[in-house]
Amino acid sequence: IRIDAKFMMDLEKESGVIPKFGMSISTKRKRPYSYDIGRNRIIGLSIVGIEIRFLPKTIGNLTSLKILILSSNQLISIPESIGKLKSLEELCISDNQLLNLPESISNLKNLWKLVLYDTSLTYLPKNIGNLELLKDIRAGSNKLTSLPASICNMKHLEVLVLDRNELTTLPKNL
């Protein structure tokens, strides 16, 4: 099984917890790390409830990832290198302390689901509309005051959840 050792070492350094397959040490969850393996590559990674504040930049090396779940941590930022995850289809960053997302998130051309509940986001990246395959955005319980005009470019968008935000304006074509 090929695992990016640098990412795992960076994650251990940041969280103080050693990532292992089937790990079961956590105060919040039985399995804070879980992996889905396909063709000797990690295609799914879940890092839940270990209260990391930063995601290692080497996350961008996990280019075969299709699903990334980072919920219930204390993340205050997401590195620009996340934009290198060209295979990513689902991204869940709920229940964190993010104020914004990196603009590079608009490079995730295969992303169809983005879950951002309760992250303290004040705005979405201006080029989020470049994510043409995005069908589902769930960004409730944040501090969004407006949406970028590019969101109107999302031809496949079916679900847009924005409850419990501070929206004062919406794009004209929404």
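Description of the structure in this document. Throughout, a residue's number is its position along its own chain's written sequence, starting from 1. Residues qualify for local features only when their pLDDT is at least 70, as the model is predicted, and side-chain atom pairs are given and counted only at 80 or more; totals for whole chains, interfaces and linings, by contrast, use all residues. Side-chain metrics rest on all non-hydrogen atoms present in the structure, leaving aside hydrogens and water.

### Some thoughts on the overall build of the protein chain
Next, step 1: When helices and strands are counted, the protein chain shows one helix and seven strands.
Next, step 2: The N-to-C order of helical and strand elements in the protein chain reads α-β-β-β-β-β-β-β.
Next, step 3: Out of the 174 residues belonging to the protein chain, those deemed buried represent 47%.
Next, step 4: Long-range pairs, those at least 24 residues apart, make up 26% of the contacts in the protein chain with a sequence separation of at least 6. Secondary structure elements follow DSSP: runs of H or I of four or more residues count as helices, runs of E of two or more count as strands, with numbering from the N terminus. For the exposure calls, accessible area comes from a 1.4 Å probe over protein chains only, and a residue counts as buried if that area is under 20% of its type's maximum, exposed if over 50%, partly exposed in between. Contacts are assigned to residue pairs with any non-hydrogen atoms lying within 4.5 Å of each other.

### Examining the pairing of strand S2 (residues 41-47)
Next, step 1: Within S2, five of the seven residues are buried, leaving the element largely enclosed by the surrounding structure.
Next, step 2: In short, DSSP must find at least two bridges between two strands for them to pair. Relative to strand S3 (residues 67-69), S2 runs parallel, the two sharing three bridges. Among the inter-strand pairings, Leu45 is bridged to a residue of S3, identified as Leu68.

### Some thoughts on the side chain of Thr119
Next, step 1: Note that Thr119 resides in the loop between strand S5 (113-115) and strand S6 (136-138).
Next, step 2: Under the relative-accessibility criterion, Thr119 is labelled buried at 0%.
Next, step 3: Only 3.3 Å separates the side chain of Thr119 from the backbone oxygen of Leu116, close enough to count as a polar contact.
Next, step 4: N or O atoms closer than or at 3.5 Å make up a polar contact, with two conditions inside protein: a donor-capable atom paired with an acceptor-capable one, and, for residues adjacent in sequence, both atoms drawn from side chains. Here the side chain of Thr119 touches Asn142 through a polar contact of 2.6 Å, side chain to side chain.
Next, step 5: Residue contacts for Thr119: discarding those within four places in its chain leaves Ile93, Ser94, Asp95, Asn96, Gln97, Leu98, Leu99, Ser141 and Asn142.

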